[in-house]
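Structural overview
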Amino acid sequence: MEIDELKEKIFAFVQAAKGKKKLKEKDILNGVSAEVGVDKDVVKKAMREMIDIGRLMYSYGGGASSVEIPSEEYLREKGLIK
Amino acid sequence: MAKKYDTPLLDELEKGPWPSFVTEIKKAGKKSEMANDELGQLEKSYRTKRGYWKHGGIVGVLGYGGGIIGRYSSLPDEFPGVAHFHTVRINQPSGWFYSTKALREIVDIWDKYGSGLTNVHGSTGDLVLLGTRTEALEPIFAEYSSRGWDLGGSGSAMRTPSCCIGPARCEWANIDTMEICYQMTQRFQDELHRPAFPYKFKIKVSGCAVDCVAAIARADCSIIGTWKGKIAVDQDAVKWYAKNRMDINKEIVDMCPTSCISYDGTKMTINDDECSRCMHCISKMTKALKPTGEKGVSILVGSKAPIVVGSLLSWVIVPFMKVQPPYDDLYGFIGKIIEWWDENAKPRERLGEVIEMKGMRSFLEHIGVPAQPQQVKEPRKDPFFFWKEEDLKR
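Residues numbered from 1 in each chain as written. Chains lettered and ligands numbered in written order. Predicted model: local features only at pLDDT ≥ 70, side-chain atom pairs only at ≥ 80, totals over all residues. Heavy atoms only, no water.

1. A short note on the confidence of the model for chain A
Of all residues in chain A, 100% attain a pLDDT of 70 or more, and the chain-wide mean is 92. Mean pLDDT in chain A bottoms out at helix H4 (residues 72-77) of chain A, which sits at 86, and peaks at helix H1 (residues 3-17) of chain A, which reaches 96. (pLDDT = per-residue confidence, 0-100. Helix = DSSP H or I, 4+ residues; strand = E, 2+ residues; numbered from the N terminus.)

Structure below.
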């Protein structure tokens, strides 16, 4: 699977959980890896690249960290959109 | 900047001979509106007996999931200076050694972007900078990282490893704590900055069982320097202690947890086979007693020190491990510990809690450590019977 296609799968996976469940990094690795049959390390690398450019972001609440789709406010604060 | 609030309740805390945090915040308030409003909000909290801080959120720097702790005022209109008041954790050098130049560099950047307040080192070990706005986070990170500093850990991640000053300034250090801590910080960069664990995971390294970083009370993985040989006794120095009014029987012999020391009024004898390497005698009679032989570490796991309930102390799982650069054995071992914890923990469960629930047997089997007498925490309570289905059928 091409890396861009994998990133779209990861994004869709996180989007599907939005408002329902706070996803830990491990949830995404396990879920996407099982869904598309790609090694977890490959999923991890793709996900990290998405986090590095602000397509996904780390969030913290209730004592635990999760991975989410960034809000517009976050993207604006980071100068990624105007 | 003029004084903004009357603070009669906080002013009470400036009285007396000791330095006062109120005085320091007031000093910072002369230059910073954030510090001024921090004082105003705190006075209101004292008056109303309520806290006005909100915690958490999405603050952080791009690519990192830790190092910034989001803090907001719930009264932003009344105290706009602390509407955002985020904490920044800077990864400390091993043993907390700084040059004055380095400290000036840190506080100059902090004066530029933050409140000017710091409580220097939090209980995590990181250098803690208190109070800045969300939009300042990326510039702060850029300035610190361009000068070789990095953020520390927070959230569900490996927390910044910390250690005692070890051989840099202590005669009791059995291991090079600072080197181990430094190398582990380098090795676990990904785990430190990208929260992927069920909850926090702390590693602390102490040079001996005196445990100056309180690893036994706070770390999920405590690495404590120890030795295999005998305790060398200098009988002349023992006589010196006796002559200088040390009650050796009361202060040393009776305090030995394994009763392995005897003293007949002139000569001290130690049964080294019974010694648990607790360091009590050595730390009390530094001139007379000295560990000898092979040096290494004991590895303990599972402590946590929450504020209210549920505190756990560390549990010995490896009585002695030889460690030397490049520490691959140690990394591999810690990796196995984390792997078992990650597989078995629910969110917000620390390693010690999972061991209590799943049992030491499952944990030891996964990490490949055999049951040993040193692991018994309380006699007759931790038998480590590793019965399996096939054993019961026999």
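2. Quick look at the layout of surface pockets
Which parts of space are left empty comes out when a probe the size of a water molecule is rolled across the atoms. Residues and elements named next belong to chain B. The calculated volume of the second largest pocket comes to roughly 750 Å³. Around the second largest pocket sit 24 residues that line it, and Ser-276, Arg-277, Ser-298, Val-316 and Gln-374 are the ones nearest its centre. Breaking the lining of the second largest pocket down by element, the ones donating at least two residues are strand S9 (221-227), strand S14 (295-301) and strand S15 (315-321). Looking at the lining of the second largest pocket, its residues break down into 14 nonpolar, seven polar and three charged. (1 Å grid on protein atoms, 1.4 Å probe; cavity = no way out; pocket = protein on both sides within 12 Å on 5 of 7 lines; lining within 4 Å. Points joined across faces, edges and corners; volume = space filled by probe spheres on them. Nonpolar A, V, L, I, M, F, W, Y, C, P; charged D, E, K, R; others polar.)

3. Re the pairing of strand S2 (residues 64-68) of chain A
All names here are of chain A. Buried residues dominate S2, accounting for four of its five residues. For strand S1 (residues 57-61) and S2, the ladder comprises five bridges, and the chain directions are antiparallel. Looking at S2, one finds that Tyr-58 is bridged to Val-67. Following S1, the chain reverses through two residues before pairing antiparallel with S2; Gly-62 in that reversal takes a positive phi of roughly 60°. (Buried < 20%, exposed > 50% of the residue type's maximum accessible area, 1.4 Å probe, protein only. Pairing = 2+ DSSP bridges.)

4. Some points on the confidence of the model for chain B
Regions with low pLDDT carry predicted coordinates that are not meant to be interpreted in detail. On average, residues of chain B carry a pLDDT of 93, and 98% of them reach 70 or more. The complex model carries a pTM of 0.92, and its ipTM stands at 0.89.

5. Quick word on the pairing of S15(B)
If a strand is regular, its side chains alternate between the two faces of the sheet. Residues and elements named next belong to chain B. Burial of S15 is extensive: five of the seven residues sit out of reach of the surface. Pairing between S14 and S15: four bridges, direction antiparallel. Bridge pairing in S15 links Ile-299 to Val-318.

6. Notes on empty space enclosed by the protein
Residue and element names in this part refer to chain B. Evaluated as defined, the whole model comprises three cavities of 30 Å³ or more. Taken as a whole, the largest cavity holds about 80 Å³ of empty space. Together, 15 residues line the largest cavity, and Cys-256, Cys-275, Cys-278, Met-279 and Cys-281 are the ones closest to its centre. Per-element accounting of the lining of the largest cavity gives the leading share, three residues, to helix H11 (residues 280-284). One number sums up the size of the second largest cavity: a volume of about 60 Å³. As for the second largest cavity, its lining consists of Val-301, Gly-302, Leu-312, Leu-313, Trp-315, Gly-352, Ile-355, Glu-356 and Lys-377. Residue composition of the lining of the second largest cavity, grouped by class: five nonpolar, two polar and two charged.

7. Observations concerning helix H5 (residues 137-146) of chain B
Residues and elements named next belong to chain B. Those residues of H5 that sit buried are Leu-137, Ile-140, Phe-141, Glu-143 and Tyr-144. Around the axis of H5, the buried residues are gathered within 165° of arc, so they sit on the same side. The positive-phi residue at the C-terminal boundary of H5 is Gly-148, with phi of around 95°. (Arc of directions from axis to C-beta.)

8. Digging into the side chain of Thr177(B)
Residue and element names in this part refer to chain B. Relative to the assigned elements, Thr-177 resides in helix H6 (residues 177-187). Only 3.5 Å separates the side chain of Thr-177 from the backbone nitrogen of Gly-166, close enough to count as a polar contact. Apart from residues lying up to four places away in sequence, Thr-177 is in contact with Cys-163, Cys-164, Ile-165, Gly-166, Pro-167, Val-205, Ser-206 and Gly-207. (Polar contact = N/O pair within 3.5 Å; in protein donor to acceptor, adjacent residues only side chain to side chain. Contact = heavy atoms within 4.5 Å.)

9. Structural notes on the interface of chain A and chain B
Listed per partner, the contact involves 21 residues of chain A and 25 residues of chain B. Counting the surface lost from both chain A and chain B, the interface buries some 2000 Å², and carbon and sulfur atoms represent 53% of this. Interface area lost by chain A to chain B is led by Tyr58(A), Tyr60(A) and Lys78(A), which between them contribute 29%. Linking chain A with chain B are five salt bridges, by the criterion used here. In this structure, Arg194(B) engages Asp52(A) in a salt bridge whose closest nitrogen and oxygen atoms are separated by 3.0 Å. (Buried area = accessible area lost by both parts, 1.4 Å probe. Salt bridge = Lys/Arg side-chain N within 4 Å of Asp/Glu carboxyl O.)

10. Let's talk about H6(B)
Residues and elements named next belong to chain B. The set of residues buried in H6 consists of Thr-177, Met-178, Ile-180, Cys-181, Met-184 and Thr-185. Along the long axis of H6, the arc covered by the buried residues comes to 165°, so they all point the same way. Buried residues belonging to H6 abut strand S7 (162-163), helix H7 (189-193), strand S8 (203-206), S9 and helix H12 (328-344).

11. Looking at the pattern of salt bridges
A full pass over the atoms with the stated rule returns 26 salt bridges over all chains. A salt bridge links Asp27(A) to Lys21(A); the shortest N-O distance between them is 3.8 Å. A salt bridge links Asp342(B) to Lys26(A); the shortest N-O distance between them is 3.9 Å. Linking Asp342(B) in helix H12 with Lys26(A) in helix H2 (residues 25-36), this pair reaches from one chain into another.

12. Brief notes about the nonpolar core
Residue and element names in this part refer to chain B. Counting 42 residues, the largest nonpolar core has Phe-201, Ile-317, Ile-334, Trp-341 and Phe-363 as the members making the most contacts within it. Elements represented by at least two residues in this core include exactly H6, S8, S9, S14, S15, H12, helix H13 (351-358) and helix H14 (360-367). In this structure Ile-317 touches Ile-299, Leu-300, Val-301, Phe-333, Ile-337, Met-360, Phe-363, Leu-364, Ile-367, Val-369, Gln-372 and Gln-375, once residues within four positions along its chain are discounted. In this structure, Trp-227, Met-246, Val-253 and Ala-288 belong to the second largest nonpolar core, which totals 24 residues. (Core = buried A, V, L, I, M, F, W, Y, C linked by side-chain atoms within 4.5 Å.)

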